[in-house]
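Coordinate analysis (summary)
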Amino acid sequence: MTDRMTRKVRTRIAPSPTGFLHLGTARTALFSWAYARHHGGEFVLRIEDTDVARSTQDSVDQILAAMHWLGLDYDEGPIYQMQRLDRYRAVIDQMLAAGTAYRCWCTPGELDAMREAQRARGEKTHYDGRWRPGPGKVLPQPPADVQPVVRFRNPPDGSVSWDDLVKGRITISNREIDDLIIVRPDGVPTYNFCVVVDDWDMAISHVFRGDEHVNNTPWQINIFNALGAPLPLFGHVPVILGDDGQKLSKRRGAVSVTAYEEAGYLPEAMLNYLARLGWSHGDEELFSREQLVQWFDGQHLSKSPAQWDAAKLAWVNAHYIKQADDGALARLVAAQLQRRGIAAEADAADSTLARMCALFKDRCATTVELADWLGMYFADVAPRAEDVAQHVTDAVRPAVRSLRDALADAEWSKAAIAAAIKQVLATHGLKMPQLAHAVRVLVCGRAQTPSLDAVLELFPRATVLSRLQSP
């Protein structure tokens, strides 16, 4: 144990490129990254692409994009398992020679019949070891028309134990563990074998992963031991539950990390929120990336499933939007507007779009909401008929026309616009809400906005005059 605790900290994330990087894997990546950074260690990205039929380059690209967006920089990688086949085959040959692995020629039909007979006898289904060599055991003649698999020769007795970083002491009897297939008939090795060789070769010291892998860990520990390889420390993090109480997964309800980027969330908000799903530092809800690294020492990881809360994420994101640099926010909003076919200039830190963001960001939880607000500056608006009927009344129309005339000649500044509004109110004997709501409906397409003078200042004068033309 002492040797394992004093090894250089090296963690990894090893997603399968059979779909997008979903939230559970992103959280595991975050924990692994933060632990390595906290301890001055290294973080490795590995792509587990041995599922050749389902792995795609699009998935790889999406995984890399999601990691980049979250700011989870890795010290090595991406390392692809399919580029390491020669290494796996060399280890398999060593295991076959050492007797810790053996070939099995059972056909799928024979395995089905084996399990059916076991079920009929009320037994737990498992491989019965018919091709497993043993002292004095005579094996059948291998059939010429069957490609064998390679199985790991699991210890028949005793148990596997480890001190899980999250769950504490876990012990599983070897009698509960099958002789695992480690090479398929097509010669491609399987996950539980490859992950051991990879973690060994890459000197991984700590493995954080979802607790669906708890049942894989005994096999992996036994393979580590058979190879004489040092064991990493394991930490199995409980699942994330969706609104329906069921586990979020690629196949059930999960949304890709990059979909949240497109939906207007900031990476620092997503990182903050993901970190709090199953980990805590006192009562802190909002913290920076630097604070996370400082605090994340592998303690205080919850043993209970975390509940995804979209409203909480929106609250966290709203906080970060309020804190965001206006120029940086403008570039994100420009990208949102671009998706709507609207071109908006955001190059300069003091651009008009940046000033718009500064004015409206306190009202928004996402950059999509910001783009919803700011679209009125770049595209025609269509006020709802009921809003026009409610606010642009016969009593207000003359004041609207007077304001239009006043704005045609006024200096185009917030102060001058405010002065023009004040003068029109006094002339027509109206209160501010009466005139302001009408002007907002006509110019902005909605009755509620921030301060009217600040909102109008950001429009081109010609746009405001045009929209006030026929109240």
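To keep things clear, this report deals only with the structure shown in the data block.

Calculation notes
Residues numbered from 1 in each chain as written. Predicted model: local features only at pLDDT ≥ 70, side-chain atom pairs only at ≥ 80, totals over all residues. Heavy atoms only, no water. Helix = DSSP H or I, 4+ residues; strand = E, 2+ residues; numbered from the N terminus. Rg over C-alpha atoms; globule rule 2.2 N^0.38 Å. Buried < 20%, exposed > 50% of the residue type's maximum accessible area, 1.4 Å probe, protein only. Contact = heavy atoms within 4.5 Å. Areas by Shrake-Rupley, 256 points an atom, 1.4 Å probe, with all protein chains shown as cover. Disulfide = S-S within 2.5 Å. Expected span 1.5 Å × (residues − 1). Pairing = 2+ DSSP bridges. Axes fitted to C-alpha atoms, helices over the stretch in contact; angles between N-to-C directions. Phe/Tyr/Trp six-rings, centres within 6.5 Å; stacked < 30°, edge-to-face > 60°. Lys NZ or Arg CZ within 6 Å of the ring centre and 35° of its normal.

Moving on: the overall build of the chain. Secondary structure summary: the chain contains 20 helices and 12 strands in total. Its C-alpha radius of gyration of 31 Å places the chain more than 25% over the 23 Å reference for a compact globule of 471 residues. In terms of principal-axis extent, the alpha carbons of the chain reach across some 110 × 45 × 40 Å. Across the 471 residues that make up the chain, the buried fraction comes to 51%. Contacts in the chain between residues far apart in sequence, at least 24 positions, make up 74% of those at least 6 positions apart. For the chain, the computed accessible surface area is about 21,700 Å², with 50% contributed by carbon and sulfur atoms.

Along helix 9 (residues 267-275), 8 of the 9 residues are buried, which leaves the element largely enclosed by surrounding structure. Restricting attention to buried positions, one finds in helix 9 the residues Pro267, Ala269, Met270, Leu271, Asn272, Tyr273, Leu274 and Ala275. As for helix 9, its buried residues are in contact with helix 2 (23-38), helix 3 (57-70), helix 8 (257-262), helix 10 (289-295), strand 12 (306-307) and helix 11 (310-323).

The next subject is the state of the cysteines. Such a bond, covalent and formed between the sulfur atoms of two cysteines, is termed a disulfide. Using the criterion set out here, one finds 0 disulfides in the structure. Just so you know, Cys357 is unpaired, no disulfide at all, and the nearest cysteine sulfur is the one on Cys364, 8.7 Å from it. Note on Cys444: no disulfide assigned, nearest cysteine sulfur contributed by Cys364 at a separation of 14 Å.

In this model, helix 18 (residues 432-444) (13 residues) spans 17 Å end to end at C-alpha, consistent with the 18 Å of a helix rising 1.5 Å per residue. Within helix 18, the full set of buried residues consists of Leu435, Ala436, His437, Ala438, Val439, Arg440, Val441, Leu442, Val443 and Cys444.

Right, let's talk about the environment of Ala275 for a bit. For Ala275, the location among the structural elements is in helix 9. Discounting residues that sit within four places of it in the chain, Ala275 has contacts with Leu30, Phe31, Phe287 and Leu292.

The strand order across the open sheet built from 3 strands is 4-5-8, with neighbouring strands paired in antiparallel fashion. Bordering the open sheet on either side are strand 4 (101-104) and strand 8 (181-183), each of which pairs with just one other strand. Between one strand axis and the next, the sheet turns by 45 degrees as a mean value, whatever way the strands run. One ladder, built from 2 bridges, connects strand 5 (residues 149-152) with strand 8; its direction is antiparallel.

Here strand 10 (residues 233-237) lies mainly inside the structure; 5 of its 5 residues are buried. Along strand 10, one buried face is formed by Leu233, Gly235 and Val237 and the opposite face, lined by Phe234 and His236, is buried too. Relative to strand 10, strand 9 (residues 206-210) runs parallel, the two being bridged by 5 bridges. Counterpart to Phe208 in the pairing with strand 10 is Gly235.

Now for the packing of aromatic side chains. Going through the model one piece at a time under the given rule, you end up with 14 aromatic pairs. With a centroid separation of 5.5 Å and an interplanar angle of 65 degrees, the aromatic rings of Tyr260 and Tyr265 are classed as edge-to-face. Look at Tyr265 and you get buried, because its relative accessible area is 15%. Connected via pairs of aromatic rings, a cluster forms that spans Phe31, Tyr35, Phe208, Trp279, Phe287, Trp295 and Phe296. Above the plane of the ring of Trp200 lies Arg87, whose end atom (NZ or CZ) is 5.3 Å from the centre. Across from the ring centre of Trp373, 3.9 Å away, lies the NZ or CZ of Arg446, which sits over that ring.

Two pairing modes exist for strands in a sheet, parallel and antiparallel, and in both the strands are linked by backbone hydrogen bonds. Strand order in the open sheet made by the 3 strands is 1-2-3, with parallel pairing throughout. Two strands bound the open sheet, and with one partner strand each, they are strand 1 (10-13) and strand 3 (76-80). Put simply, the sheet's adjacent strands are angled 25 degrees from each other on average, direction ignored. One ladder, built from 3 bridges, connects strand 2 (residues 42-47) with strand 3; its direction is parallel. By the bridge assignment, Ile47 is partnered in strand 3 with Tyr80. Taken strand by strand, helix 2 contacts strand 1 and strand 2, and its axis lies near 165 degrees from that of strand 1.

Purely geometric numbers; function is a separate question.
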